[in-house]
Amino acid sequence: MRRFLLPMLILALALMAACGAPAATPSEPAAPAATEAPAAAEPTEAPAEEAAPEPTEAPAEEPAAEATEAPAEEAMPATEINCGTEEEVTITFIGDPAGTHPDAEAATIERFQALCPNITVDRIPGDANVQNLLAVYLTAFEAESPDFDVIRVDVIWPGLLADHLLDMSEYTSQEQIDSYLPALILNDTVDGRLVALPLRIGFGMLYYRTDLLEKYGFDAPPATWDELESMAQTIQEGERADGNAEFWGFVWQGNAYEGLTTNALEWQVSNGGGSIVSPEGEIEVNNEATIDAFERAAGWVNTISPPGVVSYQEEDARGVWHAGNAAFMRNWPYAYSSSLESEAIGGNFDVAPVPAGEAGIGAATLGGWHIGVSRYSENPEAAAAFAAYMTSVENQKHYAIDTSSPPASLELYADPDIQAAMPFASPDIVEVTTARPSTATAEQYNEVSTLYFTAVHSILTGQQDAATALELLELDLMDLLGN
Ligand code: GLC
């Protein structure tokens, strides 16, 4: 059943568009977002500012402030929160170290502790690399360690971690469960158990510098990889000639880790090469379209992208972009709010769909994070109360605005504050979202992804040609999946 995740997500968001979200033209997935995206001046309006005062606001003032915001009034009232226990307890939460997430999480904890003062939440930053984070979780879980109470669950992990997580439906109101996009609840339901609560959605996006496009006479962001290559080359040459020797055309995530799987899947799908493993379990890697897509990406290294891009994760790419040294960046929505704070960029940026390849379509890998509670927690009620609060409609709104990450609850998309903070969170971008094969491969997903990004990395670094690497990858995947 979980194979219907993507269509349902699209359906839900299309429905949302019909119910009052900004106009969208789903029949033209690759192009319209760019024209619909805010004018260059808009980012300087700094929607994130709305979020800035919140962490410092006395939490007791929150309900009053909320009451003036009509859409948020529908949110679960803070006063109804069930803290799960009256005992004084301390729980641990494994936080996100990237971008604006640490501040947003600290603000979440502050709001929660104002409602449940007997529960202290100890925030421990997790590893930014999701494979490393998963390894830490699995080591702790295998030892049945009570060290982690509340954890962040990547959208690809419910199948992998289900046995170690509590069933959140026992701790969450039906009203809250019904608030989420149905596709996300489906994603998080394993053998009838709701093993995590959705917090936010992610998808690949192309960030671009509006001032530099204008300077070099381009009137729209690139719609295809070919256009991106030539625009990146022109801007890079021009900026270097103008004295910025550090300038690069395009930055992305090329390290050998999960982030490369998400980038490479976009190259592959946009070229018509399939999606690693189809929902029916067919292995889709060894074909001309994928060979061409990966050869093209290998050609970016040390031409329009820095040689070091093969070791970049999200925050490395964002660092180059944030310093004003890149024309284009592939990243997730979270980079939007922090880009607004860059003095070097000065608000001169916007976002567009990831470019299209030979297949004529762009692809954006579906990401996002959900919150789960360890089965080995010594304070499961308190931990579940925090997880439910963090993912409540009320807190999601704050969190989404603070981090410019699209929320998991449908009603929030119609909220004007959310629209102002992330104008790109419209269905025409989500229309091209591609899920990684974590449902089709379940417990084996991490091994599938590791084989995939290792092969892609060997192509990017020139250790293997694409045809050989993909032939071997296909054999390895056949071995692993037993085809
Ligand atoms: C982002 C996405 C997540 C993905 C990761 C890869 O955090 O939300 O789903 O696995 O990036 O680096």
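Every value quoted in this text rests on a predicted model; they were computed, and no experiment measured them.

A. Looking closely at the overall build of the chain. Regarding its fold elements, the chain presents 23 helices and 14 strands. When burial is assessed residue by residue, the chain has 55% of its 483 residues classed as buried.

B. Representation of the nonpolar core within the structure. Counting residues in hydrophobic clusters, the biggest one holds 136 residues, and the most contacted among them are Phe250, Val251, Phe386 and Ala387. A domain-level breakdown of this core finds at least three residues from each of domain 1 (5–25 + 67–203 + 368–433) and domain 2 (205–365 + 439–481). When sequence neighbours within four positions are dropped, the list of residues in contact with Phe386 reads Ile91, Phe93, Phe112, Ile119, Val121 and Val150.

C. Region of the structure containing the site of the ligand. Around the ligand, a shell composed of 13 residues is seen, among which Asp154, Gly202, Glu258, Gly259 and Gly367 lie nearest. Secondary-structure elements contributing two or more residues to the shell around the ligand are helix 13 (258–270) and strand 13 (364–373). The class makeup of the residues in the shell around the ligand is 5 nonpolar, 5 polar and 3 charged. Both of domain 1 (5–25 + 67–203 + 368–433) and domain 2 (205–365 + 439–481) provide at least three residues apiece to the shell around the ligand.

D. View of the environment of Met231. Here Met231 is to be found in helix 12 (residues 225–241). As a C-alpha pair, Met231 and Gly249 span 18 residues in sequence and 7.9 Å in three-dimensional space. When near neighbours in sequence (up to four residues on either side) are disregarded, Met231 contacts Phe218 and Pro222.

E. Spotlight on the packing of helix 22 (residues 445–460) against helix 23 (residues 466–481). In the contact formed by helix 22 and helix 23, the axes pass within 9 Å of each other and the chain directions differ by 170°. In terms of their interaxial angle, helix 22 and helix 23 are classed as roughly antiparallel. Touching Glu447, Val448, Leu451, Tyr452, Ala455, Ser458 and Ile459 of helix 22 are Ala466, Ala469, Leu470, Leu472, Leu473, Asp476, Leu477 and Leu480, all from helix 23. Residue composition of the contact of helix 22 with helix 23, grouped by class: 12 nonpolar, 1 polar and 2 charged.

F. Structural view of the sheet that holds strand 12 (residues 349–352). Strands sit in the order 8-11-7-12 across an open sheet of 4 strands; the sheet is mixed. Taken across any chain shown, the strands that pair with only one partner, and hence form the sheet edges, are strand 8 (248–251) and strand 12. Going across the sheet, the axis of each strand differs from the next one's by a mean of 15°, ignoring polarity. Bridge count between strand 7 (residues 205–209) and strand 12: 4 bridges; the pairing is antiparallel. Residue pairing in the sheet places Tyr207 in a bridge with Val351 of strand 12.

Cut-off values and rules
Residues numbered from 1 in each chain as written. Predicted model: local features only at pLDDT ≥ 70, side-chain atom pairs only at ≥ 80, totals over all residues. Helix = DSSP H or I, 4+ residues; strand = E, 2+ residues; numbered from the N terminus. Buried ≥ 20, exposed ≤ 12 C-beta atoms within 10 Å, placed from the backbone. Core = buried A, V, L, I, M, F, W, Y, C linked by C-beta atoms within 7 Å. Domains from an automatic or database assignment. Contact = placed C-beta atoms within 7 Å. Near = placed C-beta within 6 Å. Nonpolar A, V, L, I, M, F, W, Y, C, P; charged D, E, K, R; others polar. Axes fitted to C-alpha atoms, helices over the stretch in contact; angles between N-to-C directions. Parallel < 35°, antiparallel > 145°, perpendicular 65-115°, else oblique. Pairing = 2+ DSSP bridges.

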